[in-house]
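Fold and geometry: a report
Take a look at the letters that make up each chain.
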2 protein chains.
Amino acid sequence: MARVIAEREDVIPMLAEIFRAYGFEGASLARISEGTKLGKGSIYHFFPGGKEEMAQAVLEQVDQWFKQHVFDALLERADAMEGIKAMFDDVSRYFLSGRRVCLVGVFALGNERDRFANRVRDYFAAWIDALAAALVRTGRTPQEASALAKEVVGGIQGALVLSRALDQTDVFTDILHTLQARLLTS
Amino acid sequence: MARVIAEREDVIPMLAEIFRAYGFEGASLARISEGTKLGKGSIYHFFPGGKEEMAQAVLEQVDQWFKQHVFDALLERADAMEGIKAMFDDVSRYFLSGRRVCLVGVFALGNERDRFANRVRDYFAAWIDALAAALVRTGRTPQEASALAKEVVGGIQGALVLSRALDQTDVFTDILHTLQARLLTS
DNA sequence: GTCTATAGAGTGATAGAC
DNA sequence: GTCTATCACTCTATAGAC
C-alpha cells in the first residue's frame, strides 16, 4: 500500500472548504479526515502543527490567490478601470456568485480572529490598499479613494452574509453590480 | 440553599454574548456555565432542549429587540427620514460601534445557518422590508428602495466584518455615516 | 536500510445530554 | 455528577521508492 496519492498542495483546497463550512473550531479532525479522504496519520504528516498549521496554510493560499488574481491586476494594469472591472469579475467567480463564503470574513467574525489576527488584518488591508491605489489612478483623491475602497470591500463581505442569509445568489450579484457602478462613474 | 438567583429571561442576554463570541458549535456548555455562573443542571432546567433551545431563545430576543427599536420606527414614524436616522443611531449603539458582532450574521455565515434558516432569513428580510418601506415614503420607487435597502443592510454587516478584521471601530462608524448620507440625499 | 506517505488504534481531555 | 461520544493529537506499523 501507500504510495503518493496526495501531496500537501492538493490537500489545502479541501481543507479550505472544510474551514469555510465549519469555521476553525467546527472543523473537527473527523470532518477533515472524511473531507480529505486521508487518515489522521497522513494529515499530521503534512501538518505536524495540527489544525493551527492547516489553517495557516489555507490562509496563506487564499492570500496568494487574491494577490495574484486581484491585487496585482489592481496595481499593475495600465488602465485602472480595467483592473477594477477585473476585480469584480474575479471576486464574483471566486465566491461562486455568493454561494461560497469568505474564509477570512468567517475568521474575522469568530474568536478565530485573535489567533490569526495578523493574517486577517493583512488580507483586508492589502485588498483595501490595492483598490484605493487603483481609484487614485482613476482621478480620485486619496481620501475619497480610501473611503470608497473600505465601503466596497465591506460591501462585498456584507453581500456574502446577506445572500447566504436570504439564500438568494442574485442578492450578491446585484450588490456587486451596484458597487461596481459606483466606482466606475462620477 | 437553592433560591432563585436567576431567571430564564436574565440568562438570555448572557447566552447571546457567548454565542456571539464563539458561534453555535464553539459555545460549549463549559463556556456557557462559566459565562452565566450557572451549573449545568440550572441551564438544562431553563432550556430542556439544550443548546438548540438556547440559541432559539437568543434569536427570538434579538428579533424582538430589532422589531421594537428599529423596524417599528422605520414603519411607523410620521417622518420616514427621522425613522431612518433613528435606525442608524440604534444600530450603531447596538453593535457598540462595531465592537460587537451581529449574531444573526455570524449564524448566516456558518453551518448554523441550516439549523436556524427560517430565523436567519426572516431577520434580514424583515429589516430590508422595513427599510425599503421607509425609503418608499421618502419618494423612492419600490425598485430603488428595495435595492438600496439590501445594499445598506448588507453594508452594515460588511462594516462589522471589516471593523473587526482591521480592529478599528472608526471603519464601522465611517461606513455607517456614508450609508446614511446616501439614503438621506438625492 | 532509509525515507515518505499511509492507516488507524489508543491517549487523556472535554463535549453535550440528562 | 454521570453518562457516552467525540475532541485534538500521538504513536506504532505498514507499504513502496530509492
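Source: prediction; values computed, not measured.

Next up on the list: the overall build of chain A. In terms of helices and strands, chain A carries ten helices and zero strands. If you list the helices and strands of chain A from N to C, you get α-α-α-α-α-α-α-α-α-α. The C-alpha extent of chain A, read off along each of the three principal axes, is 60 × 35 × 30 Å. Pairs at least 24 residues apart make up 67% of the contacts formed inside chain A by residues separated by at least 6 positions. Carbon and sulfur atoms make up 51% of the accessible area of chain A, which amounts to about 8,400 Å² in all. Taking the 22 positively charged and 25 negatively charged side chains of chain A as two groups, their mean positions are separated by 3 Å.

Looking now at the relation of the copies chain B and chain A. Screw-axis analysis of chain B against chain A gives a translation of 0.0 Å along the axis, an RMSD of 0.1 Å, and a rotation angle of 180°. Such a turn and shift between the copies fits a two-fold axis. Using C-alpha coordinates, one finds that chain B approaches the rotation axis most closely at B:Gly158, a distance of 1.9 Å. By residue overlap, the copies meet face to face through one surface: 100% of the interface positions of chain B are interface positions in chain A.

With that settled, consider the side chain of B:Asp90. With respect to the helices and strands, B:Asp90 occurs in helix H5 (residues 80-94). Aside from chain neighbours lying at most four places away, what touches B:Asp90 is B:Trp65, B:His69 and B:Val70.

This paragraph deals with the interface of chain B and chain A. The partner chain A presents 37 residues to the 37 residues of chain B that form the contact. In total, about 3,100 Å² of surface goes out of reach between chain B and chain A, with carbon and sulfur atoms giving 63% of it. Counting every contact that joins chain B to chain A gives six salt bridges. Between A:Arg113 and B:Asp167 there is a salt bridge whose closest N-O contact spans 3.6 Å.

How each quantity is defined
Residues numbered from 1 in each chain as written. Chains lettered and ligands numbered in written order. Predicted model: local features only at pLDDT ≥ 70, side-chain atom pairs only at ≥ 80, totals over all residues. Heavy atoms only, no water. Helix = DSSP H or I, 4+ residues; strand = E, 2+ residues; numbered from the N terminus. Contact = heavy atoms within 4.5 Å. Areas by Shrake-Rupley, 256 points an atom, 1.4 Å probe, with all protein chains shown as cover. Lys, Arg positive; Asp, Glu negative; His and termini not counted. Charge placed at Lys NZ, Arg CZ, Asp CG, Glu CD. Least-squares fit on C-alpha atoms with pLDDT ≥ 70 in both. Buried area = accessible area lost by both parts, 1.4 Å probe. Salt bridge = Lys/Arg side-chain N within 4 Å of Asp/Glu carboxyl O.

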